[in-house]
Amino acid sequence: MNLLDVKNLTVSFDTPDGQVHAVSGIDFTLEEGDALAIVGESGSGKTQTVMALMGLLAENGTASGNAWFRGEDLMAMDAQELNRHRGTDIAMIFQDPMTSLNPYLNIEKQMTEVLMHHQDLSHREATEHAIEMLRAVRIPDPEQRIRQYPHEFSGGMRQRVMVAMGLLCEPDILIADEPTTALDVTVQAQISQLMAELRRQSRTAIVLITHDLGVVAGLCDRVLVMYAGEVVEYGTVEQIYYSPQHPYTQGLLDSVPRLDDVEDQSLHAIPGNPPNLLSLPKGCSFRSRCSKAFDACREKPALTELEGGQLARCHLVNRS
Amino acid sequence: MELGDIRGRSPWEDAWHRLLKNRAAVFSAFIMAAMILVVIIGPWLISWEADFTDWDNTSTGPSLSTGHWFGTDAVGRDILVRTLEGGRISLLVGFVATLVSLVIGVTYGSIAGFYGGITDRVMMRIVDIIYALPFMFFVILLMVVFGRNIILIFVAIGAVNWLDMARIVRGQTLSLKNTEFVEAAQACGVGRLDIIRRHIVPNLLGVVMVYVTLTIPQVILVESFLSFLGLGVQEPMSSWGALVNDGAQDMESAPWTLIFPAVFLTVTLYCFNYIGDGLRDALDPKDR
Amino acid sequence: MMHEHGILRHAAQRLLGVLPTMLLLITVVFFLVRVAPGGPFDSEKALPPEIQANLEAKYHLDEPLIQQYFRYLGQILVLDFGPSFQYKDWTVNELIAEGFPVSLTVGGLAMVLAFLVGTMIGITAAMKQNTPVDYSTMGFAMLGISIPNFVVAPLLILVFAVYAGWLPAGGWDWSVQRMVLPVITLALPMIAYVARLTRGSMIEVLHSNFIRTARAKGLPEKTVIRRHALKPAMLPVISFMGPATAGLITGSVVIERIYAIPGLGSYFVTGALNRDYTLVMGVVIFYGLLIILLNFIVDLLYAWLNPKIRYDEEY
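Please read these numbers as outputs of a predicted model, since none were measured by experiment. (Residues numbered from 1 in each chain as written. Chains lettered and ligands numbered in written order. Predicted model: local features only at pLDDT ≥ 70, side-chain atom pairs only at ≥ 80, totals over all residues. Heavy atoms only, no water.)

### Quick notes on the overall build of chain A
Then step 1. Along its length, chain A carries 12 helices and 12 strands.
Then step 2. Taken over C-alpha atoms, the radius of gyration comes to 20 Å for chain A, in line with the 20 Å a tight globule of 320 residues would show.
Then step 3. Classification of the 320 residues of chain A by burial places 55% in the buried group.
Then step 4. Taking contacts inside chain A between residues at least 6 apart in sequence as the whole, the part at least 24 apart equals 64%.
Then step 5. Taken as a whole, chain A presents about 14,000 Å² of accessible surface, with 48% of it coming from carbon and sulfur.
Then step 6. One way to put it: in chain A the 26 positive side-chain charges average out to a point 2 Å from where the 44 negative ones average out. (Helix = DSSP H or I, 4+ residues; strand = E, 2+ residues; numbered from the N terminus. Rg over C-alpha atoms; globule rule 2.2 N^0.38 Å. Buried < 20%, exposed > 50% of the residue type's maximum accessible area, 1.4 Å probe, protein only. Contact = heavy atoms within 4.5 Å. Areas by Shrake-Rupley, 256 points an atom, 1.4 Å probe, with all protein chains shown as cover. Lys, Arg positive; Asp, Glu negative; His and termini not counted. Charge placed at Lys NZ, Arg CZ, Asp CG, Glu CD.)

Quick look at the structure:
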C-alpha cells in the first residue's frame, strides 16, 4: 500500500466570472520516505493540489477525486476526521513565514499546542520537546528564543521555526509550499540544506511545491511538472534534468541560471502567460506558448508512459 | 491565485457590476431616489400648507376623509406636508454639510499626503488632536454661542466632520503619489498642484464617493439630534429631528405625529448606509 | 521586564501627545465663548452699572482677556470649573458631582452590555458568513445604526411603559426598573456598531495565513477561533472603545432628556438652552478631558495586547 495515493484530483473555484478550474484531474503516489517535487509556474495548480489534500481550500473552492492516505480517503473526510491527521500525520509548511506564524502568540504557545493536542503531552514535556526541535533546526539559544514572538525572528529563522513546528509530531508526510520563495537567496540555500538534512535523518516523506527547478535537485527524488492544472511531465530527478520530454519542462530548465555552463550565460524565460483557467483552450494547453507546436497539438495529448517510467503529455513523444 | 489574462474590463466597470449584484444597495438606491423626489415635489402637490392650522382637525389620526393622510398634530397642522418639508431641510443639511466637509477634507488630505514629510506630519498631528475632541459638544457649544441659524448648522457640522475624509484622502494620496503615472508627470515638469488636481483627485473619486454616502446619513443624524434637543432649525422651519421631538411630546395621544417622521428619517438613514456599504464593497472587494 | 519598559515608554510618548490636545480643548472652548457676539456675560436686561461692575468683578471679566485665560487655565488645572452662571448658588463642580454619577452608571452599563452582546453577535455572524443567520443579524445591525436613539426611546416608552405598562416611562431613583429602558436605548446603536466591527475583523483574521497554519495543525475549529483568532479580531473593537465612549456621552444627552434622568447630560442641555456659559464650558471640558483620557487608556491597552507595539518600542 502506498503512503499516499492521489487519484483524479480536481479543484475548482466559483468566482464572479465563472468556474475556475485550478486542478483538472491529477494522479500521483507517495511512498514512505519519498521526496516528490511538484513544479510549475504560479497558477499551475500546484499549491491548490496540496491545499485540497489538507482541506484548506478557500470557501469558494471545491475538490473532488480521491486521496488515499494509508488506505483512508482524505477527500471523503469532514474537518473533524481530517484533524486527526492534520498536523500529526501530515504537516505543512507555508510560503510566507512572515505571516504564517501567529504574531500574537509566542513561539512556545504555537509549538506546544500541537503536541498537547495530538499527543496529550503535559505542557512541560511539550515545551522540552519543542526546544529539542528548535535545536534540531539550528535555532541558537532555543530555551530563550522559544519565549519570543514571531516578529523578533528574521525571515529565515521564522521558516526554521515553521519547519520545526511541522516536524514536531514526526509526520509521515511533510508538505512544503514554496518554503524558500519569500526568503533571501543565501537563506534559501540554508533552508533547502536544512530540509535535505532532516530528510536523511527521518522517515518523513516530503512533498515540495516550487516554481524553481534549481531548488529541487538537492532535495527530491522525483518531479511532477504541472501546467494549467494538469500533469505535463513526471519522472525521476535524473530523467527530468537530463532528458526532459515536454517543451514546458525544457523551458523551465532553461530559465534556471546555470553556473556550471560557461558557454551559455543567457537566461531563457518562457514567452507568454499561462492560459486563462476560466476557459481552457481546446487541445494542448501549452500550445500557444510552445515553439515546437504543430498540427497534432490541436488535439489534447494524453499522458504517455515512456521508458523508465517517465510520463509526458506531449505529441512530440509519439512522433519521435 | 492568478487567473491568467482575462479579457480587459476597467475597474469602474467591475465595481459597477458588483454594485448591481448587491440587491440591498440597489433597492436602497431606488428608495432613496423616490424619497428625494417625493420630498422635493410632494409639498407642491399637497393642498395643505405646512403652517396651516386646521382647527376642525386637531390631533386627528391618519385618514382619507379629512384629507390628512398622515393625520394632524395638536394644532391641526398636516403631518404629511410637514414631514415632507422637514425632509427637505434634513436632506439639504445632509448634502450641503457633507459638501463642506468634502471640500475641506479632500483639500487638506491631498495636500498633506502629496507634500509628505514635515508638512504631512504637522497637518496630520493637528487632525489627531482635533479628532480627540468631543465633536458633538462643540457643535452644541457653537450653536449656543452663535445662536441658531441654518447656515451655521451647515458650517458647524461640515467643519467638524472633515477629519475622516482628510485621513482617508491622505492615505490614498500617499499610496498613489509613488505610482508610475505621477512620477512620469513629475518627470515632465508638471507643477505639483497640477498633479494633485489632474491625477490624484480623479483617482480618489472611489474612496471619496464611499465616504460621502456614509457621511450624509451621519450629518442628517447630527442635525436631527440638534433639532431634537431644540438646538437645530427653528420654527417655522422644521426638520425630521424637530418633528420627532414634537411627536414625542404627544406620542401617547397622537402616536402618528411621532411615527411618520421617525419612519422617514430612519428609512433615509438606512438606505444611505446600505448604499455606502454597497459602494465600499463594490470598490474594495476585500473580503466577500 | 522588557514588556513593561516598552509599555512605559509608549505611555510616556502618548502622554506627550495627549497634553496638547487637552490644552487645545480648553483654549478653544475658552475663546469660543469669549468671542461670542455681544459677549457672553452681557445680560439681556439692562442692569444698574454698579451691579454690572460687581458681576464683572465676580467673574473677573474686568481683567484683560489673556489674564482671564491663564486664570481659567489655572482653575482647570485644579479641576475648578467656577460658579454656575444660572444656578446662582451652585458651582459647576457641584453640578458635575451631582449629575455625573448618574450618567456614569447608565453609560457604563450600556458600554458593558454593548461590548458583550455586540462581540457575541459579531463572532456568530462571522462564523456563519453568508448564511441567513449572517444576513439577518447584519440587517438588524444596520437598522440599529440607522435608527436614531431619540426615535428608539419614545418607541420603547410607548411599547413597554404606555401600552404594556411593564416598566416606568422615566424618572430616576437608582432602581433597576428605571435603568432598563435607558441602558438598552443607549446600548442599541453601540451593539450594532460593535457587532459589525467584530464580524468584519473576525472575517479578515479568519482569512489570514496564520489561521491557515493553525488549521493545518489539526486543531479543532473552536480552538482555532479562541486561541488564534479572537485576540487579533478584538483589537479593532478595543480601539473602538474610545469613540464609543464619545458616542455614549453624546447619546446620554438625549437619553437623559427623554427619560427625565438627572444626569450631567440633562444639566448640559438645560445649560445650553439657558446660555449658562460656565456650566456648558465646564461640561464640555470635563467630558473632553474624560474622552481624551479614555482614549489614552485604550491606547495603552491596545499596545499591551499587541506584541509588535510592545517590542518595537525597544529597538
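### Digging into the state of the cysteines
Then step 1. Evaluated as defined, the whole model comprises 0 disulfides over all chains.
Then step 2. Of all cysteine sulfurs in the structure, the one in A:Cys297 sits closest to A:Cys290, which takes part in no disulfide; the separation is 6.1 Å. (Disulfide = S-S within 2.5 Å.)

### A look at the nonpolar core
Then step 1. B:Phe137, B:Ile140, B:Leu229 and C:Phe150 are the most contacted members of the largest nonpolar core, which totals 143 residues.
Then step 2. At 13 residues, the largest contribution of residues to this core is made by helix α12 (residues 277-305) of chain C.
Then step 3. Residues within four places of B:Phe137 in sequence aside, it is in contact with C:Ile249, C:Thr250, C:Val253, C:Phe268, C:Val283, C:Val284 and C:Tyr287.
Then step 4. Judged by nonpolar contacts, the second largest core, of 101 residues, contains A:Val11, A:Ala126, A:Val137 and A:Tyr234. (Core = buried A, V, L, I, M, F, W, Y, C linked by side-chain atoms within 4.5 Å.)

### Thoughts on a nonpolar patch on the surface
Residues and elements named next belong to chain B.
Then step 1. Together, Leu37, Ile40, Ile41, Trp44 and Leu45 line one region of the surface with nonpolar side chains, adding up to about 580 Å² of accessible area.
Then step 2. Tracing the sequence through the fold places Leu37 in helix α2 (residues 23-45).
Then step 3. By relative accessible area, Leu37 is classed as exposed at 53%. (Patch = residues over 30% accessible without salt bridge, like charges linked within 9 Å, V, L, I, M, F, W, Y side chains within 5 Å. Salt bridge = Lys/Arg side-chain N within 4 Å of Asp/Glu carboxyl O.)

### A short note on the sheet that holds strand β5 (residues 72-73) of chain A
All names here are of chain A.
Then step 1. Pairing within the open sheet is antiparallel, and its 4 strands lie in the order β2-β1-β4-β5. Of all strands in the sheet, those bounded by a partner on one side alone are β2 (18-30) and β5.
Then step 2. Sheet topology note: the strand β1 (residues 4-15)/strand β4 (residues 61-69) ladder contains 8 bridges and is antiparallel. Opposite Phe13, over in β4, you have Gly61 as the bridge partner.
Then step 3. Together, β1, β2 and β4 form the strand contacts of helix α1 (residues 46-54), whose direction differs from that of β1 by roughly 105°. (Pairing = 2+ DSSP bridges. Axes fitted to C-alpha atoms, helices over the stretch in contact; angles between N-to-C directions.)

### A short note on the domain arrangement of chain A
Residues and elements named next belong to chain A.
Then step 1. Once the domains are mapped, chain A shows domain 1 (4-89 + 171-318) and domain 2 (96-170).
Then step 2. Computed over C-alpha atoms, the centres of domain 1 and domain 2 are 28 Å apart.
Then step 3. Listed by partner, the interface residues are 17 residues for domain 1 and 16 residues for domain 2.
Then step 4. Both faces combined, the contact of domain 1 with domain 2 buries some 1,300 Å², and carbon together with sulfur accounts for 66% of it.
Then step 5. Considering only the side of domain 1, the residues that lose the most area to domain 2 are Pro171, Leu194 and Leu198, jointly responsible for 33% of the buried surface there.
Then step 6. Run the count over domain 1 and domain 2 and you get 1 salt bridge. (Domains from an automatic or database assignment. Buried area = accessible area lost by both parts, 1.4 Å probe.)

### Side note on the sheet that holds strand β8 (residues 205-210) of chain A
All names here are of chain A.
Then step 1. Ordered in space as β6-β7-β8-β3-β9-β10-β12-β11, the 8 strands form an open sheet in which the pairing is mixed. The strands lining the two open edges of the sheet, one partner per strand, are β6 (90-93) and β11 (304-305).
Then step 2. As judged from the 2 bridges shared by strand β10 (residues 230-236) and strand β12 (residues 311-312), these two strands associate in the antiparallel manner. Across the sheet, the residue bridging to Tyr234 is Leu311, located in β12.

### Some words on the interface of chain C and chain B
Then step 1. Every contact between the two is made by 54 residues of chain C and, on the other side, 43 residues of chain B.
Then step 2. Summing both sides of the interface, chain C and chain B together bury roughly 4,000 Å²; the carbon and sulfur share of this comes to 78%.
Then step 3. Its largest share of buried area at the contact with chain B, chain C owes to C:Leu32, C:Met142 and C:Phe150, together 15% of the area lost on that side.
Then step 4. On the surface where chain C and chain B come into contact, there are 1 salt bridge.
Then step 5. Notably, a salt bridge pairs C:Arg196 with B:Asp277, separated by 3.1 Å at the nearest N-O pair.
Then step 6. At the surface where chain C touches chain B, the tally comes to 4 residue pairs in polar contact (both at pLDDT 80 or more).
Then step 7. Taken together, the elements giving at least two residues each to the side of chain C that touches chain B come down to α1 (2-34), α5 (132-146), α6 (149-163), α7 (176-206), α10 (241-258), α11 (264-273) and α12 of chain C.
Then step 8. Considering each element in turn, the side of chain C that touches chain B owes the most residues, 9 residues, to α1(C). (Polar contact = N/O pair within 3.5 Å; in protein donor to acceptor, adjacent residues only side chain to side chain.)

### Concerning the environment of C:Ser146
Then step 1. Structurally, C:Ser146 can be placed in helix α5.
Then step 2. Looking at C:Ser146, the relative accessible area reads 0%, which means it is buried.
Then step 3. Placed 43 residues apart in sequence, C:Ser146 and C:Pro189 show a C-alpha to C-alpha distance of 8.0 Å.
Then step 4. In contact with C:Ser146, other than residues within four places in its own chain, are B:Thr266, B:Leu269, B:Tyr270 and B:Asn273.
Then step 5. In terms of polar contacts, C:Ser146 uses its side chain to reach the backbone amide nitrogen of B:Tyr270, at 3.5 Å.
Then step 6. Within the local environment of C:Ser146, its side chain forms a polar contact with the side chain of B:Asn273, the two groups lying 3.0 Å apart.

### Points about unusual backbone geometry
Residues and elements named next belong to chain A.
Then step 1. At Asn8, a residue that is not glycine, the phi angle is positive and equals roughly 50°.
Then step 2. Among the residues examined, Asn8 registers a relative accessible area of 48% and is labelled partly exposed.
Then step 3. Of note in this structure, Glu178 is not a glycine but carries a positive phi near 45°.
Then step 4. Following the sequence through the fold, Glu178 ends up in the loop between β7 (173-177) and α8 (185-201).

### A closer look at helix α11 (residues 256-283) of chain B
Then step 1. Under the 1.5 Å per step criterion, the end-to-end length of α11(B) is 40 Å for 28 residues, consistent within 8% with the ideal 40 Å.
Then step 2. With 20 of 28 residues buried, α11(B) lies mostly within the body of the structure. (Expected span 1.5 Å × (residues − 1).)

### Observations regarding the environment of B:Asn22
Residues and elements named next belong to chain B.
Then step 1. Tracing the backbone through its elements, the reader meets Asn22 in the loop between α1 (11-21) and α2.
Then step 2. Judged by relative accessible area, Asn22 falls into the partly exposed class, the value being 23%.
Then step 3. Along the sequence, Asn22 and Ile275 sit 253 residues apart, while their C-alpha atoms lie 9.3 Å from each other.

### Notes on the pattern of salt bridges
Residues and elements named next belong to chain A.
Then step 1. All chains considered together, the criterion is met by 21 salt bridges over all chains.
Then step 2. The partner of Glu128 in a salt bridge is Arg124, with the nearest N and O atoms 3.7 Å apart. One end of the pair, Glu128, and the other, Arg124, are both in helix α5 (residues 123-136), 4 residues apart, so they sit about a helical turn from each other.
Then step 3. Using a relative accessible area of 64% as the deciding quantity, one classes Arg124 as exposed.
Then step 4. The salt bridge involving Arg138 is made with Glu197; its shortest N-O contact spans 2.2 Å. Of the two residues, Arg138 is situated in the loop between α5 and α6 (142-145) and Glu197 in helix α8; the sequence distance between them amounts to 59 residues.
Then step 5. Because the salt bridges share partners, they merge into one network encompassing Glu32, Arg70 and Asp172.

### Considering empty space enclosed by the protein
In this approach a probe as big as a water molecule rolls over the atoms, and the regions it shows empty are the leftover space.
Then step 1. Throughout the structure, instances matching the rule amount to 6 cavities of 30 Å³ or more.
Then step 2. Roughly 90 Å³ of volume is contained in the largest cavity.
Then step 3. Together, A:Gly87, A:Ala91, A:Met92, A:Val114, A:Met162, A:Met165, A:Gly166, C:Thr213, C:Ala216 and C:Lys217 line the largest cavity.
Then step 4. For the lining of the largest cavity, the elements supplying multiple residues, two or more each, are β6 and α7 (155-167) of chain A together with α8 (209-216) of chain C.
Then step 5. Among the elements that make up the lining of the largest cavity, the one with the highest residue count is α7(A) (3 residues). (1 Å grid on protein atoms, 1.4 Å probe; cavity = no way out; pocket = protein on both sides within 12 Å on 5 of 7 lines; lining within 4 Å. Points joined across faces, edges and corners; volume = space filled by probe spheres on them.)

### Considering the environment of A:Asn273
Then step 1. Tracing the chain through its elements places A:Asn273 in the loop between α11 (247-254) and β11.
Then step 2. C-alpha separation for the pair A:Asn273 and A:Phe286, spaced 13 residues apart in sequence, amounts to 9.7 Å.

### Some details on α8(A)
Residue and element names in this part refer to chain A.
Then step 1. Across its 17 residues, α8 extends 25 Å between first and last C-alpha, which sits within 8% of the 24 Å expected from 1.5 Å per residue.
Then step 2. Residues of α8 that are buried include every one of Val187, Gln188, Ile191, Ser192, Leu194, Met195, Ala196, Leu198 and Arg199, and no others.
Then step 3. Buried residues in α8 make contact with β3 (35-39), α5, α7, β7, β8 and α9 (213-216).

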